[in-house]
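Listed below are the residues making up each chain.
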Amino acid sequence: MPTERTPLITSGVCGLTLTTCSATPDSTQDHSPGEPTQSPRRLNTFFGVMVPTVLSMFSIVLFLRTGFVVGHAGLLQGLLMIFVAYTIISLTILSICAISTNGAIQGGGAYYMISRSLGPEFGGSIGLMFFMAKVFACGEYVLGLVEAILNVFGADAESLVSGGARVLPQGYWYTVLYSTVILLLCLIVCLVGAHIYSRTAFAILLVVTVSLLSIFISSVAVKPQVFVIVHQGPGNQTLRYNASYTGFSATTLKNNLGSGYSLDYSTNSVMSFASVFAVMFTSCTGIMAGANMSGELKTPSVSIPRGTIIAVFYTFVVYVLLFILASATCDRTLLIQDYGFFQRISLWPPLVTVGIYCASLSAAMCAMIGASRILHALAVDHLFGWPLAPAAITSNSGNPWVAVLYTWGLAQCVVFAGQLNAVAGLVTVFYLLAYAAVDLACLALEWASAPNFRPTFQLFSWHTCLLGILSCLVMMFVINPVYSSGSIVLLLLLLLFLHYRSPTSSWGYISQALIFHQVRKYLLMLDVRKDHVKFWRPQVLLMVANPRSSCQLILFVNQLKKGGLYVLGHVQLGDLDSLPSDPVQTKYNFWLSLVDKLGVKAFVDLTLSPSVRQGTQHLLRITGLGGMKPNMLILGFYDNCVPDDFFLQDSAFCQSSVKQGGEDEYNFGVDLPSLQAYFPPVRHVESPRWLQPEEYVGIISDALKMNKNVCLGRYFFQLQGENKDSKTDGSERIIDVWPLNLLQPGSCDYQDVCSLFLLQMACVLNMSSKWRHARMRIFLNVETGSGDQGWLVNEEAFRELLKKLRIRASIKIVPWDSTVQYYTVPEGERSAEPAPPLSEDYLSAVNSMLMERSFQAAVRFLYLPRPPAARSQSQQYLSQLEAVTNGLGPTLLIHGVTPVTYTDL
């Protein structure tokens, strides 16, 4: 077998191709021109995970917002914020480690994890929002860097640090100008040499670490001082504040324990727990930096969990120590009124300044690089069509320079906010939503119980995933209900957009795994021993020889199933002993594509058998599972009528419909030309019949022996308005029911099992969407010539029965004395089995009666007599059915063997 030599299958980067790894060690993979070759795995845990994660988490909050958080929230609430934030990200980290150690992660970070776990709709929508979070974060870090620069080099009275070359004018537009210049610098680095950043990351971390050490040393070495802080207040008035650095003092620590929310001088708005937490949480948004490096790590399954957890623990300790240090050495005025107070209390302020610049610039470039990679991954996956298509373009070295330009342009729009605190809430909400999605992805994988979900990282459970989701969602609404509601609405709109575009992929769908897991449980609960007649519904097996001539019948039965099981069955003639492999397995995609084209809610079941009769027996026995098994067999009628080719009539099967989808649309290997070529042309008059009359009648007999109801459909190629694009509601349609066995008029029982089954099926059709307003007529055949008025009593009893069964229909009395007179069977043989031959005059008279009474009907339901037991009478049986229904139009002959009606509540 060819598949036995392909032990490992991995999905391509774009998710639309499958690359099979050869078993030979010297095999190579071909790469597309725009796709860079995979770089060798060289990074270890420290340089590949810890360094980028620490740098991403040591952003502007470390140096420029520690005092802001402690000053407004106090030490106790500040530590509470730290614990809450790190609890949330710790739960998410457990999910990240689990997903990242369950397989190789390509570019895109969180987007790649979510999309490959939850499918294209959810992954694409969350991926785009995570991209926006990165863009806003980039703008936020740039604004923080400008703020730090103006603290030192600002020219007007708002300068906070004495000394320095104060040459830079300040104001809103100057802030935007300086931010633009810094963004251009980041753009140049990302376009020309993004690798420069990765190579200097360790040096940047050293600078930041030295700056931190200088702050801790300065808290002990610097003597208490008093500062005068000047701000520009409303109305151009100058506000002065006296602030003091006390050194380590129990009194200062006690005064800073409680909260003291007040006016923020940068935004002129009163702070609260939620707004301060939103700013503080931006320091926790870099936890995926290490997971994004999985392609370059030597041992990602070891490095990602270990490096991420160590980096997060390290940053947690640093933030806790800084919070305690600030609350024990500085009074609240200094903390609130001076973002950059660490520069004031440092032994050597330029060292802290350099640390601030390095941390902010590093975080901004990291966010721009990360955002561009997410956008590139979205573009490569073709989820949002032409608007993002250019973002898939890369340079010869593999740098997605167009995606970088997209990111730079959007980040430029963000800096027009002018203040860091103004965008912090939106950044935090977007990140929390992305983290909740990562937890949801891991939760879905865990709940699906798929055998291939076996991550090497085991320190997680569905409880941690669920707790992570809930905590993220709760904190989103605590921070800003408006932003949270808006982000969720945006997420839903993106989900609807992607669902409407119906992107398909070979990534695998977690929804399918979850559905399988739940359906298996419910099927086990669906106990056939608990079936009750009042909850009966049709469960149909429709045997199809060639759908080119059967599509109208397939569409009609889709309306007849009433939410029940619907299976298209097909028998391929052959013997598996004489074949190298099962030919049926490769045919399923064609039939499933046919189901998609027709828009019917049906399953497909194919089998290989030496004869159609044996194959139908197999399908009747094994199709379905548990309580969901077919209880009705439907066959096309056996006659010599030349069938029409439905593929030539329906627009869904025309070549013009191919252009509606994209050229790269993944169609599971079956495009329209392949579908048309697979199904053979319809049978001609001279073509040999694969099925003989004896075998056809034998199939009906087999189904009745197996206690299955049987329906034969004739002339359904004449039925119009059943396709998925039709808007008809049946208001102009008529359904006719003839509950009497017309081939055996001596049995005038309108309430036997078969007659009631006819009524039930007609009622079921009348309840479907395209037949809801159709009129139902029931014809009662009576003999009035004998003078016996017993039929009046039977009519009244029948009306009472319809009332009990809640069937709305008009009753038509049909005197058929003139027809019955041709029925010349002796009285003693009327109930004999098999049915005696009927005269051609009688059959012609019955056909004329049906033509006269039901010529207006859209579909007719007739009583199907039991087939004869003798094989030699099969042709006679079919000839009688053909004569009765000749020229009628769409007709369904039904023989029911199971009770289906119930009069009690």
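The model shown is predicted, which means the values in this text are computed figures rather than measured ones.

A.B. asks: Looking at this model, I keep getting lost on the overall build of the protein chain. Mind explaining?
C.D. replies: Along the protein chain, the regular secondary structure elements total 26 helices and 16 strands. In the protein chain, buried positions account for 53% of the 905 residues. Within the protein chain, counting contacts between residues at least 6 apart in sequence, those at least 24 apart form 81% of the total.

A.B. asks: Please clarify how helix H17 (residues 551-560) should be interpreted in this entry.
C.D. replies: Within H17, 10 of the 10 residues are buried, which leaves it mostly tucked inside the rest of the structure. Along H17, the positions that sit buried rather than exposed are Cys 551, Gln 552, Leu 553, Ile 554, Leu 555, Phe 556, Val 557, Asn 558, Gln 559 and Leu 560. Lys 562 sits one or two positions beyond H17 and adopts a positive phi of about 50°.

A.B. asks: Help me understand the nonpolar core, please; the structure alone is not making it clear to me.
C.D. replies: As a rule of thumb, soluble globular proteins bury nonpolar side chains together. Counting residues in each nonpolar core, the largest one holds 157 residues, and the members touching the most others are Leu 62, Phe 63, Tyr 86, Ile 89, Ile 287 and Phe 323. Of all the elements, helix H2 (residues 60-100) adds the most residues to this core, at 23 residues. Apart from residues lying up to four places away in sequence, Phe 323 is in contact with Thr 66, Val 69, Val 70, Leu 75, Gly 78, Leu 79, Ile 82 and Met 280. Residues Phe 653, Leu 672, Leu 759 and Trp 771 belong to the second largest nonpolar core, which totals 65 residues.

A.B. asks: Looking at this structure, I do not really get the packing of aromatic side chains. What am I missing?
C.D. replies: Centre-to-centre distance and the angle between the planes together describe a pair of aromatic rings. By the definition in use, this model includes 31 aromatic pairs. The interplanar angle of 90° and the centroid separation of 5.1 Å between the aromatic rings of Phe 46 and Phe 47 together place this pair among those described as edge-to-face. Using a relative accessible area of 33% as the deciding quantity, one classes Phe 46 as partly exposed. Take Phe 47: its relative accessible area is 42%, and that puts it in the partly exposed class. Centre to centre, the rings of Trp 536 and Phe 757 are 5.6 Å apart; their planes meet at 70°, and the pair counts as edge-to-face. Of this pair, Trp 536 sits in the loop between helix H16 (510-525) and strand E7 (540-543) while Phe 757 is found in helix H22 (residues 753-767), placing the two residues 221 residues apart along the sequence.

A.B. asks: Where do I start with the pattern of salt bridges in this structure?
C.D. replies: Pairing is possible between side chains that carry opposite charge, provided their charged atoms lie close to one another. Applying the stated criterion across every chain yields a total of seven salt bridges. Glu 147 is the salt-bridge partner of Arg 65, the closest N and O atoms lying 2.7 Å from each other. Of this pair, Arg 65 sits in helix H2 while Glu 147 sits in helix H4 (residues 120-153), and the two are 82 residues apart along the sequence. According to the relative accessible area criterion, Arg 65 is buried, its value standing at 0%. The closest approach of N and O atoms between Asp 645 and Arg 548, which form a salt bridge, is 2.9 Å. Residue Asp 645 is found in the loop between strand E10 (632-636) and helix H20 (672-678), and its partner Arg 548 is found in the loop between E7 and H17; the two are separated by 97 residues along the sequence.

Calculation notes
- Residues numbered from 1 in each chain as written.
- Predicted model: local features only at pLDDT ≥ 70, side-chain atom pairs only at ≥ 80, totals over all residues.
- Heavy atoms only, no water.
- Helix = DSSP H or I, 4+ residues; strand = E, 2+ residues; numbered from the N terminus.
- Buried < 20%, exposed > 50% of the residue type's maximum accessible area, 1.4 Å probe, protein only.
- Contact = heavy atoms within 4.5 Å.
- Core = buried A, V, L, I, M, F, W, Y, C linked by side-chain atoms within 4.5 Å.
- Phe/Tyr/Trp six-rings, centres within 6.5 Å; stacked < 30°, edge-to-face > 60°.
- Salt bridge = Lys/Arg side-chain N within 4 Å of Asp/Glu carboxyl O.

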